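Here's the letter readout for the chains.
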Amino acid sequence: MINLNVWGGAGEHGRSCYVLTGEKHQIMLDCGIKKEGTGQYPLFDPNIIPGLTAVFLSHAHEDHSMALPLLYKHGYSGEIWTTKPTASQLSLYFSNWKRYVASKGGDLPYDEIHISAMRFRFLEDEIKAGDWLELEKGLQIQWGRSGHMIGSVWMKFQMEDRHLFFSGDFSRESLLLDIDPPRETLPVEIAENGRHRRKTSLSIIDNAYGMNGESQDQKLILLREFVLNVLGRGGHVLLPVPAFGRGQELLIWALRVFPEQKILAEQEIWDGLLQMTAWQDWLRPKAIRQIASALHSSQVYVPGNEEDRRSLLREKEALIIFTTDGMMESPRARWYARRLAESRNHAIIVTGHASEGTYAQRLLKGETEDSGSEVVQMGFKIHQGLHDVRQMMNEVPSCKTVLVHAPKSETDRVIANLALDGYEGVYSLEPGAVFRI
Ligand SMILES: [Zn+2]
Ligand SMILES: [Zn+2]
C-alpha cells in the first residue's frame, strides 16, 4: 500500500509538492512555492523530511523548485534527481525569488547554505529516456521529456508493488521542444510477474488549464490577429515572459509570423535562446534550424542599457518587445509598462498565469496608475487542458488519477466532464489531503 500526501499543488496553482509513502520507501515529487504575498510554501511535516529515500524535481519553475532548500534545512541529506538543464537554470530562479520576497517585505525561510547544500543527480547521465533505472531495491524510475520547458520531464516509478506516473508540467504543443510520449511500459521483470498489478496505480497529471480546450494553433491565431491590430494602429506590443520558456517560443514565432517586424528582446531572453543551442537534445529537429537563423536575424535588437531602450521606443516604428518577467514584478517590466501607459495605442499581453496581487494581475484589473495602454491576457500553451488530459489518461491507463495545478472548483468541473465520457477514478484534491493508493 502507498499513501499520497499532498503538501501543495493540487487544487491550486503553485507549490507543487507530493510525498509518496510505501512500506519501505518514501519519495517526494517537486518542492515549489506559490507566488502569493511573501510566498506560500508546501505544508511540511519536518519529521518526514530526514527519512526521505529520494527527491525528484520535474523542472526549474519556481512553483516546483523554490522550496527545495527547506528540505536541507529540515535535515534532508540525500540527492535531488533532475536533469542538467533544470539544475543549471535554478540559480536564476533563486535570485529572482529572493528579490521577489524582499520586494514584498518578506524573508526567505532558508539561507544561502541550504541552497548550496543541494546535491543533484542527473537522470540523463544515468539512463536514457524511456528506460528503467533501479535506484534502490523496490524503487525504479523512468523519465521522458515533457515539452514544457528545457529540461522538464515526466517520471514513472515502480515503487514496491505500485506503478506511479507524474506528468510534471506537460505540453505536446511546444513549437520548439520535443517530447517522449509517456506510453504504458512496465519494467520487464514486473510485467512478467503476474503477482504485480499491470495497470498504473496512480497518475498525477497536469491540468493547469482546467476545462480550456483551445489548441496552440487556435491561441496563436488569436495572438497574431491582436498583435497585427496593435502594430497597425502604431502601438508597441509588450510581451512580459519568463526568462526561459515561452519567451523563446514566442520570439521564434514572432520572427516567423512577422518577418519584417522590428523586435526588441531583452538580454535574458536572448541568452535563453543562445542557451537552447547548447541543449539540442531537448529540441524538435526543425527548432534547431529556426533558432540558428533567429540568432543571425537583423530584425532583433537587444538593448544594452536604458538609453538604448529609450531611443528604440522613441523611434516612429512600432515594436514587439520581449522582457522578463511574466508577472511583471521586476523593475524593468514596470518601467516598460509606465512608458507604454502614455498611449492607448500600445498594448501589454500577459501570456501566462498572473497570481493575485502581482503587478501583471493589477494591470489587468486596471488597478495601477500605469494602466494607460491596453492590457490583455492571451495564453501561450505550456500546460494541459481538458482534451490533453483525456489523451494522457488514454495513454497511461490508471486505477486512480489525480488532476493538479488548477483551483479545485475548476478541477471538479473537469472531472464531471470526464465522467460523462465514462472516465472513472479521477480525483480532485487539496493541499493537506492524504490519499490511499
Ligand atoms: Zn512549469
Ligand atoms: Zn507549474
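What counts, and at which threshold
- Residues numbered from 1 in each chain as written.
- Chains lettered and ligands numbered in written order.
- Predicted model: local features only at pLDDT ≥ 70, side-chain atom pairs only at ≥ 80, totals over all residues.
- Heavy atoms only, no water.
- Donors = N, O, S within 2.8 Å, 3.2 Å for Na, K, Ca; no water.
- Tetrahedral: all angles 85-135°; square planar, octahedral: opposite > 155°, others 65-115°.
- Helix = DSSP H or I, 4+ residues; strand = E, 2+ residues; numbered from the N terminus.
- Buried < 20%, exposed > 50% of the residue type's maximum accessible area, 1.4 Å probe, protein only.
- Core = buried A, V, L, I, M, F, W, Y, C linked by side-chain atoms within 4.5 Å.
- Contact = heavy atoms within 4.5 Å.

### Here we look at the coordination of the zinc ion (ligand 1)
The zinc ion (ligand 1) binds to the protein through His59 (NE2), His61 (ND1), His148 (NE2) and Asp169 (OD), with metal-donor distances spanning 2.1 to 2.4 Å. Taken together, the 4 donor atoms surrounding the zinc ion (ligand 1) define angles of 85 to 177° at the centre, an arrangement classified as irregular. Counting residues between consecutive donors of the zinc ion (ligand 1) along the chain gives the motif H-x1-H-x86-H-x20-D. In this structure the zinc ion (ligand 2) is found 3.3 Å away from the zinc ion (ligand 1), and Asp169 serves as a bridging donor for the pair. With His59 in the loop between β4 (54–56) and α1 (62–65) and Asp169 in the loop between β10 (162–166) and α6 (188–191), the pair connects residues that are 110 residues apart, well separated along the chain. Since its relative accessible area comes to 0%, His59 is described here as buried.

### Considerations on the coordination of the zinc ion (ligand 2)
Four donors placed tetrahedrally about a metal ideally form angles of 109.5 degrees, and six donors placed octahedrally ideally form angles of 90 or 180 degrees. Bound to the zinc ion (ligand 2) on the protein side are Asp63 (OD), His64 (NE2), Asp169 (OD) and His405 (NE2), at distances that span 2.1 to 2.2 Å. Each of the 4 donor atoms around the zinc ion (ligand 2) contributes to a set of angles spanning 84 to 165°, which defines the coordination as irregular. Counting along the primary sequence, the residues that act as donors to the zinc ion (ligand 2) give the motif D-H-x104-D-x235-H.

### Side note on the nonpolar core
If you look at the biggest cluster of nonpolar residues, it comprises 72 residues, and the most contacted ones within it are Leu4, Leu20 and Phe322. Those residues in contact with Phe322 that sit more than four places away from it in its chain are Leu239, Val241, Gly247, Leu250, Leu251, Ala254, Ile263, Leu264, Ala265, Glu266 and Ile269. Of all hydrophobic cores here, the second largest spans 34 residues; its members include Cys31, Ala67, Trp97 and Met149.

The analysis is restricted to geometry; functional conclusions fall outside its scope.
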